[in-house]
Amino acid sequence: MLEGAKLIGAGAAVRTMTEGSSNTSNANGVPIPIPGSTGIYEDHPGLHPAVDERVVEYQAGIREQMSELMRMDGEHPEVVAAAERVHGESDNIAFLQGLLEDLRAHGRESEAFKYGVPNDAPLPGGGNPAGSSGGVDLANGNEAGSSAGVDLANVDDAAAAESPLDQFGIHPILDLNIGEYYVSFTNLSLFMLLTLGLVLLLVFVVTKKGGGKLVPNAFQSLVELIYDFVLNLVNEQIGGLSGNVKHKFFPCILVTFTFLLFCNLQGMIPFSFTVTSHFLITLALSFSIFIGITIVGFQRHGLHFFSFLLPAGVPLPLAPFLVLLELISYCFRALSLGIRLFANMMAGHSLVKILSGFAWTMLFLNNIFYFLGDLGPLFIVLALTGLELGVAILQAYVFTILICIYLNDAINLH
């Protein structure tokens, strides 16, 4: 482990918290290369916001454990130096987790603690090692001889692990550093690529050898159903244009609907990831489409497009207020479009997670009454899963029809 500390510490640029200045070595004096390195500090998480938050949490946890084991305040320079010496300000999550578990499990007898306070130095803060007479066994969270102790650190970790929001966490799969920029391939990126690949595969299966079959199979029927559905939506919602001009917008709307539909449905698969449950994804999609619709409006009407903000027949004294209100309302379309999709997907998945966790807990309480009582929450979870499946399809439809309505307003100035 100590060799691992040196190796991983050698890959991290460090500004020691005791000195607050840049350095070319880590806390234990191992030289490190500055170019392309990534220093992460538990006191300064904003220095590298792109890195997984667990890095900051684990480093802070190591420092907290060192503080408790050393019987000193966490801000004491000796505690800070010892914690830095242990984790080397590494950003390797597995390494940091191993250090923290070692400290919690073995206390002052752990390799991590002995490495942080080397050379058999007298223990700072006095007191006895964990497990000795009168000492505090921080690994078990209780005083020696006590049976009612609580491991607050492990309780916090358990509570965090059971959080229904954990399913929306973005975790790096492949870390990349390009110069001063941190680039990572995350689970979010992976499932977006899987969605794209699934759609392309479906289209390829249907259109191979130059076209579909005269008698459609299940895949071709699905593609034709989606195609006809979106085409009818465009024809019904967008007026004032000939069919050929109107259908120029059809490919963009079809791709948007198909992408959202498959992302939402993919999120219903157990142990998968719901891409549309993240606000930045839905916001980026809604704003890009909203900007495109505005450009279409200006291309078709020029500066006359601004008349959209002032309805006909409005008294002149009220015109400035109405223009301001209409402008705010128009701009908030993009925001509401993204929030609606994000909020529905996140709320539904969180509710299913909460109730399924409750049902799972009741199932393993080794009590016949709890087991029978679990049937109620279990049926509710099944019903909510069916409801969430409907919401996944409905939200893709709502997003698409609102795009058509906004596009119709931009073209016809309604």
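Keep in mind that this is a model prediction, so the values were computed, not measured.

1. Description of the nonpolar core
Part 1 of the reasoning: Among the nonpolar cores identified, the biggest contains 40 residues, and V230, I238, I253 and L407 are the most heavily contacted of them.
Part 2 of the reasoning: A total of 11 residues in this core trace back to one element, the largest contributor, which is helix α14 (residues 375–412).
Part 3 of the reasoning: Beyond its immediate stretch of four places on either side in the chain, I238 contacts K246, I253, C404, L407, N408 and I411.

2. Examining the pairing of strand β6 (residues 181–186)
Part 1 of the reasoning: Strand direction decides the pairing type here: strand β5 (residues 172–178) and β6, joined by six bridges, are antiparallel. Counted as the bridge partner of L174 is F185 from β6.

3. Details of the layout of surface pockets
Part 1 of the reasoning: Put simply, the second largest pocket is a space of about 670 Å³.
Part 2 of the reasoning: Looking at the second largest pocket, it is lined by 21 residues, and the ones nearest its centre are Q167, I269, P270, F271 and K353.
Part 3 of the reasoning: Counting residues per element, the ones that place at least two in the lining of the second largest pocket are α12 (319–363) and α14.
Part 4 of the reasoning: Counting residues per element, the lining of the second largest pocket draws most heavily on α12, which supplies four residues.
Part 5 of the reasoning: Considered class by class, the residues forming the lining of the second largest pocket number eight nonpolar, 10 polar and three charged.

4. Some details on a nonpolar patch on the surface
Part 1 of the reasoning: There is a patch of nonpolar side chains on the surface, built from I173, L174, L176, I178, Y181, V183, L190 and L194 and spanning about 750 Å² of accessible area.
Part 2 of the reasoning: When contributions to the nonpolar patch are tallied by element, the ones reaching two or more residues are β5, β6 and α7 (187–207).
Part 3 of the reasoning: Looking at which element gives the most residues to the nonpolar patch, the answer is β5, with four residues.
Part 4 of the reasoning: Among the secondary structure elements, Y181 is positioned in strand β6.

Quick notes on the rules
- Residues numbered from 1 in each chain as written.
- Predicted model: local features only at pLDDT ≥ 70, side-chain atom pairs only at ≥ 80, totals over all residues.
- Heavy atoms only, no water.
- Core = buried A, V, L, I, M, F, W, Y, C linked by side-chain atoms within 4.5 Å.
- Buried < 20%, exposed > 50% of the residue type's maximum accessible area, 1.4 Å probe, protein only.
- Helix = DSSP H or I, 4+ residues; strand = E, 2+ residues; numbered from the N terminus.
- Contact = heavy atoms within 4.5 Å.
- Pairing = 2+ DSSP bridges.
- 1 Å grid on protein atoms, 1.4 Å probe; cavity = no way out; pocket = protein on both sides within 12 Å on 5 of 7 lines; lining within 4 Å.
- Points joined across faces, edges and corners; volume = space filled by probe spheres on them.
- Nonpolar A, V, L, I, M, F, W, Y, C, P; charged D, E, K, R; others polar.
- Patch = residues over 30% accessible without salt bridge, like charges linked within 9 Å, V, L, I, M, F, W, Y side chains within 5 Å.
- Areas by Shrake-Rupley, 256 points an atom, 1.4 Å probe, with all protein chains shown as cover.
- Salt bridge = Lys/Arg side-chain N within 4 Å of Asp/Glu carboxyl O.

Geometric values such as these leave the question of function open.
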